[in-house]
Amino acid sequence: MVTEEQGQKTHKANEFERAPVPKSALLGFKNFIGMYAGEHCAGTELMIGPLFVAAGVSAFDVVMGLVVGNALAVLSWIFLCAPIATRTRLTLYYQLEKICGRNLVTLYNLANGVMFCFLAGSMITVSATAVGVWFKFPMPGLNDLYPNSAGWVLAVLVIGGLIAIVAAYGYKTVAKFANIAAPWMVLVFLAFGFVGLKQFIDATGVEIKGVGDLWALANDHIWKGGEPLEGQIKFTFWHVTFFAWFCNMAMHVGMSDLSVFRFAKKSWYGVASGAGMYVGHFMAWLCASILYAYQLHLDPSDTDVLPGPLAYRAAGTAGLICVIIAGWTTANPTIYRAGLAFQAIFTKSSRFKVTLITGLIATIAGMFPAIAMQLLGFVALYGLVLMPMGAVVFIDFWVLERIGLKSNFAEIRALKFSPAAGVAWIATFLICMMLVFSGKPYFQIYFVSLPGWFVASLLYIVVSYIHQKGIHEAPAFRLTMQVLSWIALAGIVIPGLLFTMGTSTLSQVKGIMIASTIVWFSSTVCWMGREKAEGS
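Residues numbered from 1 in each chain as written. Predicted model: local features only at pLDDT ≥ 70, side-chain atom pairs only at ≥ 80, totals over all residues. Heavy atoms only, no water.

Caption draft 1: Structural context of the overall build of the chain. Helix and strand content of the chain: 22 helices and zero strands. On C-alpha atoms alone, the chain measures out to a radius of gyration of 24 Å, which is about the 24 Å that the 2.2 N^0.38 rule sets for 536 residues. With the C-alpha coordinates of the chain rotated into their principal frame, the extents come out at 80 × 70 × 45 Å. Residues classed as buried in the chain amount to 54% of the 536 residues present. Long-range contacts, defined here as pairs at least 24 residues apart, represent 83% of the contacts in the chain between residues at least 6 apart. For the chain, the accessible surface area stands at approximately 22,600 Å², while carbon and sulfur atoms represent 69% of it. Charged side chains of the chain number 34 positive and 25 negative; the gap between the two group centres comes to 12 Å. (Helix = DSSP H or I, 4+ residues; strand = E, 2+ residues; numbered from the N terminus. Rg over C-alpha atoms; globule rule 2.2 N^0.38 Å. Buried < 20%, exposed > 50% of the residue type's maximum accessible area, 1.4 Å probe, protein only. Contact = heavy atoms within 4.5 Å. Areas by Shrake-Rupley, 256 points an atom, 1.4 Å probe, with all protein chains shown as cover. Lys, Arg positive; Asp, Glu negative; His and termini not counted. Charge placed at Lys NZ, Arg CZ, Asp CG, Glu CD.)

Written out as structure tokens, the structure reads:
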């Protein structure tokens with residue numbers, strides 16, 4: 001896919017979907033610089049930047065949080081993803097098939113495709129806000145969950161339909177156009193920042209004589225801190241840091257970019273991701289947030305996060321064109337990738353048909369503004385869903401053989417579903433969501449992926465050892481799992497009784513019940529329904 005995005009004439013990425021990339025197809029460093037700079041200066045940046053302001057972030061927290069978080073993201077590409085990619089030179093999907101088995105990879109593709117559809121929907125939402133400026137129909141507000149006008153639905157339908165058709169017909173053409181548009185878009189984002197800064201200076205009457213005055217303006221008028229807007233979570237330095245690090249978790253920690261860096265000549269090419277992080281996830285986010293902060297400065301009651309009006313106020317028609325193109329050029333490959341994920345499941349359907357249906361799903365999602373308006377939380381959830389499989393790939397490649405176990409065990413034993421990978425993925429996600437729903441501030445969705453990675457790694461090692469050594473066939477193991485299952489059932493019933501008696505709180509009941517649910521499903525699959533197989 002990376003070669004299509006770079007417009008290479010001699011090779012196509014899909015020639016090597018089930019084989020290592022040969023030396024003749026490897027790409028130089030500049031190819032990855034261009035790809036990451038263009039890919040991460042996109043339509044969603046126009047949503048994420050303003051949402052930082054809505055979250056009540058301070059100047060120090062947002063600037064330093066982005067510096068540190070983006071550095072951690074780049075290091076994740078360099079040390080987690082790229083070294084494996086340049087050694088195996090396989091796509092993530094084929095690598096997972098060797099580790100997890102075909103059926104589990106199908107589930108992964110389904111989850112990946114659905115998340116891609118919602119992400120593409122948010123990009124369609126971004127483009128539709130530019131159309132709203134021209135046709136002046138009502139557009140959704142910050143806390144709206146549903147479409148609020150026929151004009152909005154029609155705009156999203158038309159834009160989404162066009163994007164889906166183009167994705168089905170001409171991915172390479174749009175990828176080439178995206179490469180042409182990328183330098184222009186980057187500079188338009190930079191212009192947003194300059195214009196917004198000047199507007200703030202004029203509106204506040206602040207005299208800028210040096211860096212100190214500029215910082216005072218940022219701290220006092222742009223990123224002022226304080227309470228977030230209604231319906232938003234308060235962001236601190238740690239929120240910004242972890243969000244910047246993990247917003248692309250699916251790509252680096254989750255290993256999706258194995259499919260990209262398998263074309264790299266050297267693993268240190270992972271440093272090219274810095275072009276996207278500091279152009280798109282630093283400069284573009286800050287510039288977009290300045291525009292929204294100025295909107296709130298003019299009218300504190302105007303909390304709508306609408307990239308179209310924001311861009312039009314700063315750059316006129318050129319700004320609207322930037323919003324449309326930024327949403328279009330990023331939604332198109334996202335729909336294309338989602339279509340590929342779904343096609344891997346529905347193998348008898350044509351890519352054209354699957355991509356059109358995928359585009360329809362993304363379009364319907366784009367009509368509902370809740371996804372775009374809550375993009376910070378959605379992106380964190382997206383990374384959390386796919387993160388455990390990245391831990392599985394990492395442990396399988398670097399650790400298993402060093403502790404006497406076999407890598408690519410599903411391929412060796414012709415398994416269609418790896419119990420170790422399945423438990424690591426599903427149990428980790430459930431555990432992380434249990435922590436999120438506990439309501440503890442240090443277990444917010446932006447933070448749980450870090451401990452979750454270690455949980456997934458540990459689970460994969462433990463279950464791999466049990467499975468590969470045949471421990472799960474031993475009577476003692478079976479009895480242990482049965483006891484755990486019975487304890488889990490007690491954990492479902494007893495907390496409710498204790499709550500009825502007034503000896504426990506509702507939050508304690510919920511926590512124990514979800515923990516018991518995880519234990520029940522994790523332990524019961526190890527023995528229930530296995531009598532016949534073991535006795536035969």
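Caption draft 2: Structural view of the packing of helix H4 (residues 59–88) against helix H9 (residues 211–222). Between H4 and H9, the least distance of the axes is 8 Å, while the angle of their chain directions is 110°. On the basis of their axis angle, the class for H4 and H9 is roughly perpendicular. Between H4 and H9, the residues in contact are Ala59, Phe60 and Val63 and Trp215, Ala218 and Asn219, respectively. Classifying every residue of the contact of H4 with H9 gives five nonpolar, one polar and no charged. (Axes fitted to C-alpha atoms, helices over the stretch in contact; angles between N-to-C directions. Parallel < 35°, antiparallel > 145°, perpendicular 65-115°, else oblique. Nonpolar A, V, L, I, M, F, W, Y, C, P; charged D, E, K, R; others polar.)

Caption draft 3: Region of interest: the confidence of the model for the chain. Across the chain, the average pLDDT comes to 90, with 95% of residues at 70 or higher. The low-confidence segment residues 1–14 (pLDDT under 50) makes 42 contacts with residues lying over four places distant or belonging to another chain. A low-confidence stretch, residues 532–536 stays under pLDDT 50, and its non-local contacts, those more than four residues away or across chains, total two contacts. (pLDDT = per-residue confidence, 0-100.)

Caption draft 4: Fine view of the nonpolar core. Membership of the largest hydrophobic core comes to 157 residues, with the highest contact counts inside it found for Phe32, Phe52, Trp223, Phe243 and Phe261. Considering every element that reaches this core, the biggest residue donor is helix H16 (residues 375–398), with 16 residues. Excluding anything up to four places from it in sequence, phenylalanine 261 contacts Phe32, Tyr36, Trp77, Cys81, Ala82, Ala85, Thr86, Arg89, Tyr269 and Gly270. (Core = buried A, V, L, I, M, F, W, Y, C linked by side-chain atoms within 4.5 Å.)

Caption draft 5: Representation of the environment of methionine 115 within the structure. Considering the arrangement of structural elements, one finds methionine 115 in helix H6 (residues 102–135). Separated by 266 residues in the primary sequence, methionine 115 and leucine 381 have C-alpha atoms spaced 9.2 Å apart.

Caption draft 6: Structural context of unusual backbone geometry. In this structure, arginine 89 is a non-glycine residue whose phi angle is positive, near 55°. Along the chain, the position of arginine 89 falls in the loop between H4 and helix H5 (92–100). In this structure arginine 89 comes out as buried when scored by relative accessible area, which is 12%. We note that methionine 255 has phi near 75°; this positive angle belongs to a residue other than glycine. Following the sequence through the fold, methionine 255 ends up in the loop between helix H10 (237–246) and helix H11 (258–261). Taking the relative accessible area as the measure of exposure, methionine 255 reaches 1% and is therefore buried.

Caption draft 7: A look at the packing of aromatic side chains. Taken as a whole and judged by the stated rule, the model has 32 aromatic pairs. For the ring pair phenylalanine 189 and phenylalanine 192, a centre distance of 5.8 Å and an interplane angle of 70° mean the geometry is edge-to-face. Of this pair, phenylalanine 189 and phenylalanine 192 both sit in helix H8 (residues 171–204), three residues apart, which is roughly one turn of the helix. Judged by centre distance (5.3 Å) and plane angle (80°), the ring pair of phenylalanine 242 and phenylalanine 447 falls under edge-to-face. Linking phenylalanine 242 in helix H10 with phenylalanine 447 in the loop between helix H18 (419–437) and helix H19 (449–468), this pair joins segments that are 205 residues apart in sequence. By the burial criterion, phenylalanine 242 is buried, and phenylalanine 447 matches it. (Phe/Tyr/Trp six-rings, centres within 6.5 Å; stacked < 30°, edge-to-face > 60°.)

Caption draft 8: Representation of H16 in the model. Taking 1.5 Å of rise per residue, 24 residues should cover 34 Å, and H16 covers 34 Å from first to last C-alpha, within 8% of that figure. Along H16, the helix axis deviates most sharply at leucine 386, where the bend reaches about 35°; the proline proline 388 sits within four residues downstream. For H16, the buried fraction is high: 20 of the 24 residues fall into the buried class. (Expected span 1.5 Å × (residues − 1). Bend = angle between axes of the 7 residues up to and from the residue.)

Caption draft 9: Quick peek at the side chain of serine 407. Residue position: serine 407 is located in the loop between H16 and helix H17 (409–413). Exposure remark for serine 407: the relative accessible area of 12% places this residue in the buried category. In terms of polar contacts, serine 407 uses its side chain to reach the backbone carbonyl oxygen of aspartate 396, at 2.5 Å. In contact with serine 407, not counting residues within four places along its chain, are Asp396, Leu400, Glu401 and Ile412. (Polar contact = N/O pair within 3.5 Å; in protein donor to acceptor, adjacent residues only side chain to side chain.)

Caption draft 10: Geometry of the pattern of salt bridges. According to the stated counting rule, one finds five salt bridges in the structure shown. A salt bridge links glutamate 207 to lysine 209; the nearest nitrogen and oxygen atoms lie 3.9 Å apart. On the accessibility criterion, glutamate 207 (55% relative accessible area) is exposed. Among the residues examined, lysine 209 registers a relative accessible area of 68% and is labelled exposed. Salt bridges sharing common partners tie together Arg18, Glu97 and Arg102. (Salt bridge = Lys/Arg side-chain N within 4 Å of Asp/Glu carboxyl O.)

Caption draft 11: Representation of a nonpolar patch on the surface in the model. The grouping of Leu479, Val483, Leu484, Trp486, Ile487, Leu489 and Val519 at the surface amounts to a nonpolar patch, some 610 Å² of accessible area in total. With six residues, helix H20 (residues 475–500) is the single largest residue contributor to the nonpolar patch. The residue valine 483 is located in helix H20 in this model. (Patch = residues over 30% accessible without salt bridge, like charges linked within 9 Å, V, L, I, M, F, W, Y side chains within 5 Å.)

Caption draft 12: Seen up close, helix H13 (residues 307–343). Between its terminal C-alpha atoms H13 stretches only 33 Å, short of the 54 Å expected from 37 residues at 1.5 Å a residue. Most pronounced at alanine 315, the bend in H13 amounts to some 145°.

Caption draft 13: Representation of the environment of alanine 476 in the model. Looking at the element boundaries, alanine 476 is found in helix H20. Sequence separation between alanine 476 and phenylalanine 29 is 447 residues; the distance between their C-alpha atoms is 55 Å.

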